[in-house]
Number of protein chains: 2
Amino acid sequence: MLHAVIMAGGSGTRFWPLSRQALPKQFLRLTSERSLIQQAWDRVAAWIPPDRICVVAGNSHRPLLTEHLPDLRSDRVYLEPMGRNTAPAIGLAALKVLEHDPDAVMLVMPADHVIDPEEAFEQAVLQAAEIVQNDPRQLVLFGIRPHYAATGYGYIETGAPLTGISQARRVQAFREKPDKATAEQYLQQGNFLWNAGIFVWRADRILSALRERRPQLAASLAELPASSEAADFTSRWSQLESISIDYAVLEHDPQVCVIPATFEWDDVGSWESLARRLPADERGNVVIQGACSLVNTNSSIVLAGDGHVVVTSGLEDCIIIHTADATLVAKRGDAESLRKVIEQLKAEGFDGIL
Amino acid sequence: MLHAVIMAGGSGTRFWPLSRQALPKQFLRLTSERSLIQQAWDRVAAWIPPDRICVVAGNSHRPLLTEHLPDLRSDRVYLEPMGRNTAPAIGLAALKVLEHDPDAVMLVMPADHVIDPEEAFEQAVLQAAEIVQNDPRQLVLFGIRPHYAATGYGYIETGAPLTGISQARRVQAFREKPDKATAEQYLQQGNFLWNAGIFVWRADRILSALRERRPQLAASLAELPASSEAADFTSRWSQLESISIDYAVLEHDPQVCVIPATFEWDDVGSWESLARRLPADERGNVVIQGACSLVNTNSSIVLAGDGHVVVTSGLEDCIIIHTADATLVAKRGDAESLRKVIEQLKAEGFDGIL
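Definitions and limits used
Residues numbered from 1 in each chain as written. Chains lettered and ligands numbered in written order. Predicted model: local features only at pLDDT ≥ 70, side-chain atom pairs only at ≥ 80, totals over all residues. Heavy atoms only, no water. Helix = DSSP H or I, 4+ residues; strand = E, 2+ residues; numbered from the N terminus. Buried < 20%, exposed > 50% of the residue type's maximum accessible area, 1.4 Å probe, protein only. Contact = heavy atoms within 4.5 Å. Areas by Shrake-Rupley, 256 points an atom, 1.4 Å probe, with all protein chains shown as cover. Lys, Arg positive; Asp, Glu negative; His and termini not counted. Charge placed at Lys NZ, Arg CZ, Asp CG, Glu CD. Salt bridge = Lys/Arg side-chain N within 4 Å of Asp/Glu carboxyl O. Phe/Tyr/Trp six-rings, centres within 6.5 Å; stacked < 30°, edge-to-face > 60°. Polar contact = N/O pair within 3.5 Å; in protein donor to acceptor, adjacent residues only side chain to side chain. Nonpolar A, V, L, I, M, F, W, Y, C, P; charged D, E, K, R; others polar. Pairing = 2+ DSSP bridges. Axes fitted to C-alpha atoms, helices over the stretch in contact; angles between N-to-C directions. Parallel < 35°, antiparallel > 145°, perpendicular 65-115°, else oblique. Left-handed = near helix turned anticlockwise from the far one by under 90°. Core = buried A, V, L, I, M, F, W, Y, C linked by side-chain atoms within 4.5 Å. Least-squares fit on C-alpha atoms with pLDDT ≥ 70 in both. Patch = residues over 30% accessible without salt bridge, like charges linked within 9 Å, V, L, I, M, F, W, Y side chains within 5 Å.

Visitor: What is the right way to read the overall build of chain A from this model?
Guide: A count of helical and extended segments in chain A gives eleven helices and 17 strands. Overall size of chain A, expressed as C-alpha extent along the three principal axes, is 60 × 55 × 35 Å. Residues classed as buried in chain A amount to 56% of the 354 residues present. The contacts in chain A between residues at least 6 apart in sequence include a share of 65% that link residues at least 24 apart. Here chain A has roughly 15100 Å² of accessible surface; of this, 46% comes from carbon and sulfur atoms. Within chain A, the 45 negative side-chain charges are centred at a point lying 3 Å from the centre of the 33 positive side-chain charges.

Here it is in C-alpha cells:
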C-alpha cells in the first residue's frame, strides 16, 4: 500500500524574519491561504487516506501541526527532538510505516514545496509506485527539468531509459550544486534534472539500503524507544549521524531511477523566488502583503505586517520584510546574505527574534 | 521687562514617521532626555520667571504642552487653531504680552532648535535687550556664522556696526535660501549670517510695524476674541494672512540689526542633521536609538522603536526609521524626498500615520 511521508523537519531561516525557529517556512501562508504544509497535505489527502499519511516534524512544532493539519492522526506524527538531516528522519518513518504495513511503499515529500497541478503529481507518484511494484529494488526519484541555470539545486544526470516505463530513466550520477558555468552546461546538455527531494520506494528496501550503507545509523534507529517522549529518546537521537538520504544511500545505490516531472515544482527557497511567483508593479516592485507606499522605488520586494505601513523612497533592489518584532532591510542579489544576518544575530544575542 | 515667547506652532513633517501631526518635532526627545521644547524652556527659565514665559502652539497640542512644560502658566499659552506662519503668531503674542506689561521686550524663539551653551545665549539676549533699551526702535535678530555653504537657510547680509555696540551690525539685506554657488560666495565673503529665527524687540514696536506694513492683519489680530475658545476664534484665525514676520516686517523695516551668535545653533531640520549630531560607527552608520543589527551596511541612519529590532544587510546611504505603526526606508541625499513621501501618503489616504 502507498503511504505518504511529509517531511516537515525544516527549520529554514530563508524567510526570516517571517519564518522563525518557532514558525518555520512550512507553516507560513506564502503562496495561498493554505500554509505550505497544508498544501502538501492536500496534495496527497485526495487519494491517500489519512491513516496512511504521516509527518516527520520537529518536537516543538507539534501544536502547529495540530492547528494546520486537523485530519492528521496523532499516532502518525513522528517527532524529531532536533534536526539530523533526511536519512534519520526517513529511516524513522520507514520503521514506523513498516509496523503498520510490511509491504508499505513510501512517498517521501518535503512539506514546504509548491507543486502544480496536483493531478500530474498524483499520476507521477502512481507511475513510480508501479515501477516499485514491478521491481521492488527500485528507488524512484522525481527530477525537474531545469528552466534556468540554477546553482542552488543538486542535479541528477540521467542515463538509459528504464525498461518498460517510457519516461523513467536510470540515474547516471548525482551532481552537487554546480557553479554557474557548469549549470549552463547542464542546461544545454538536456540530460540533467533538478533533484526535487521527492522519493518513492518500499520501506523495507530503503531500510536495507541504510543497513548496508550506514549500518551504525540503521542500528541506532532500530533501537530507538518507540515513543519520542521516552526518557532517553532525545539523547539517542542527538547521537545519530546527521546525513542526507542522498549522500547516505542514493549516491551509492545501483538501483536508482528518476521520473522527469510533468508537474510544475518550486521549492520557494527564498524571498526572491517567492517574489517571482507574485505580480510586480510597472517598476518591478512586488508587495508580498500588507500596506505599503512605494515612492520612486524600483525592483524591490516589500512585506508589511498587520496594522503597519511600510513606506519607501528612492530605493532600488531592496528587500523589506516587516514583522511585529523585527524588520529586515536588505539589498537584493546576495543569496548568502540572509545566512550571514542570522549568524550575526546569533552572535549578538538576538535569540528572541530568531 | 523681558518676556520669552516660545514659538511651538510647527507641525513639521521632517522627522516623519517619528514626528506626526499629533506629535510634532518640538515634542520629540531627539537630542537628549529632554524634548526640544523642554530644552527651549530650560534655556530661558533659568533667568526669566515663568510668568514672563509664554508659548504659542497648535490647539491640539495643549495636552502635550501640559505634559512637557509643567511650569508653564496656563494663561501664558496662546493657541492657534491652525498654522498661519510666524507673523500672526508673533502679533498675537505681542498683544497678549502688552496686556501684562506695556513696556514688554519680547524674546521670540523657536521651540525646536538646539542651542549650546545656554550661558552664551543668555548673554546674547541680554545684549539685544540692551540695544532695544538704548534705541526702542531696534528690531534685533541673531545671526549664525555659516560653517558650510548651506542652501536650506535664509541669509542676513550685514552692514555697518551699530554705534556703541561692538558686535551688533545693521542688516544690509535679507537673502532667501540661495543656490549652492551663491551659498559658497556668501561663505567666502564673510559678511553673511544664517537667519536663526530668534528675535528681540519691544512688543509695541513690532505691533506698530505690523500695523504699518500689514494693516489688515494687524487690525484682524487686534479684533480677535480674548480667548481661543471663543466661538468665532477659529474662523477668524483661519482668515488671517499666512505670512512670516520676516516677509511681513523685517525685510522692509529700516531699523533691523543682527548680533552674530557666540553660541552653537542647530535647527535639527532633518534626519541628516540629527545624524550629524550623533556618533557614527566605523562604517559611518548612525543608530539614533533602539536595537539594530547592521550587517555589511555603510553610511546609513537607523532608528528602531521600542521592543523592535531593525536588521540591515548590504545597504548603503539609507535612512530607516521604524515606529509602532509605520516604517520609512529611504535613500539618503534627496532633501525633498520626505516631502514627496508625505504628499503621496496623503494622496493614498494613509492619514492615520501622518
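Visitor: Got a minute to help me understand the pattern of salt bridges in this structure?
Guide: Residue and element names in this part refer to chain A. Per the counting criterion, the structure on display carries 30 salt bridges over all chains. As a salt-bridge pair, D112 and K25 come within 3.5 Å of each other at their nearest N and O atoms. Taken together, the positions of D112 in the loop between β4 (105-110) and β5 (114-116) and K25 in the loop between β1 (2-8) and α1 (36-45) put the pair 87 residues apart, joining distant regions of the chain. Both residues of the pair, D112 and K25, belong to the buried class. Bridged by salt links that share partners, the residues D103, R202 and D204 form one connected network.

Visitor: Would you mind showing me how to read the packing of aromatic side chains here?
Guide: Think of a pair of aromatic rings as described by two things: how far the centres are apart, and how the planes are tilted against each other in angle. Here the structure, examined in full by the defined rule, presents 22 aromatic pairs over all chains. Consider the rings of F15 of chain A and W271 of chain A, whose centres lie 4.8 Å apart with planes at 70 degrees: the pair is edge-to-face. Taken together, the positions of F15 of chain A in the loop between β1 and α1 and W271 of chain A in helix α10 (residues 271-276) put the pair 256 residues apart, joining distant regions of the chain. The pair formed by F15 of chain A and W271 of chain A is uniform in burial state, with each residue classed as buried. Look at Y186 of chain B and F192 of chain B: their rings are 4.0 Å apart centre to centre, the planes differ by 10 degrees, and that puts the pair in the stacked class. An aromatic cluster is present here, built from Y148, Y153, W194 and W265 of chain A joined pairwise through their rings.

Visitor: Looking at this structure, how should I read the side chain of S300 of chain B?
Guide: All names here are of chain B. Here S300 lies in the loop between β13 (291-295) and β14 (301-303). Looking at S300, its side chain comes within polar contact range of the main-chain nitrogen of D317, at 3.5 Å. S300 has contacts with G284, N285, V286, L315, E316, D317, C318 and R332, leaving out every residue within four places of it along the chain.

Visitor: I tried to follow the interface of chain B and chain A on my own but got confused; where do I start?
Guide: Much of the literature gives interface size as the accessible area that the parts lose upon coming together. Residue-level contacts link 34 residues of chain B with 34 residues of chain A. At the boundary of chain B with chain A, the tally comes to 20 residue pairs in polar contact (both at pLDDT 80 or more). Sorting the residues of the side of chain B that touches chain A by element identifies β13, β15 (309-313), β16 (318-322), β17 (326-331) and α11 (337-347) of chain B as the ones contributing at least two each. With six residues, the single largest contributor to the side of chain B that touches chain A is β17 of chain B. In the side of chain B that touches chain A, the residues fall into 20 nonpolar, eleven polar and three charged. Sheet topology note: the strand β15 (residues 309-313) of chain A/β17 of chain B ladder contains five bridges and is parallel. Residue pairing in the sheet places V310 of chain A in a bridge with T327 of chain B of β17 of chain B.

Visitor: Teacher, can you tell me more about the packing of helix α3 (residues 86-100) of chain A against helix α7 (residues 215-222) of chain A here?
Guide: Any two packed helices are characterised by the angle at which their axes cross and by the distance between the axes. Residues and elements named next belong to chain A. The N-to-C vectors of α3 and α7 enclose an angle of 45 degrees; their axes lie 10 Å apart at closest approach. In terms of axis orientation, α3 runs oblique to α7. The element α3 and its partner α7 pack so that their crossing is right-handed. Within the contact between the two elements, α3 uses A87, P88, G91, L92 and L95 and α7 uses L217, L221 and A222. When its residues are assigned to classes, the contact of α3 with α7 shows seven nonpolar, one polar and no charged.

Visitor: Please clarify how the nonpolar core should be interpreted in this entry.
Guide: Buried together is how nonpolar side chains tend to be arranged in soluble globular proteins. Of all hydrophobic cores here, the largest spans 53 residues; its most connected members are L107, F121 and F263 of chain B. Sort the elements by how many residues they give to this core and helix α4 (residues 118-134) of chain B lands first, with seven residues. Residues in contact with F121 of chain B, not counting those within four places in the same chain, are R43, V44, W47, L107, M109, I115, I198 and F263 of chain B. The next biggest cluster of nonpolar side chains, apart from the first, holds 52 residues, and it includes A40, L107, A120 and W265 of chain A.

Visitor: I would appreciate a short explanation of unusual backbone geometry in the present structure.
Guide: A negative phi angle characterises most non-glycine residues, just as the trans form characterises most peptide bonds. The step from W16 of chain A to P17 of chain A runs through a cis peptide bond, and the omega angle for that step is 5 degrees. In this structure, P17 of chain A sits in the loop between β1 and α1. The omega torsion across D116 of chain B and P117 of chain B is -5 degrees, close enough to zero to call that bond cis. Summarising the element assignment, P117 of chain B is placed in the loop between β5 (114-116) and α4.

Visitor: When you look at the relation of the copies chain B and chain A in this model, what are you seeing that I'm missing?
Guide: Between the two chain copies there is a screw-like relation: a rotation about an axis and a shift along it. The transformation that overlays chain B on chain A combines an axial shift of 0.0 Å with a rotation of 180 degrees, and the residual RMSD is 0.0 Å. Read as a symmetry element, the transformation amounts to a two-fold axis. Across chain B, the smallest distance between a C-alpha and the rotation axis is recorded for V329 of chain B, namely 4.0 Å. Of all interface residues in chain B, 100% are interface residues in chain A too; the two copies therefore contact each other through one and the same surface.

Visitor: I would appreciate a short explanation of a negative patch on the surface in the present structure.
Guide: A contiguous patch of negative charge on the surface is contributed by D116, E118, E119 and E264 of chain A. Exposure remark for E264 of chain A: the relative accessible area of 60% places this residue in the exposed category.

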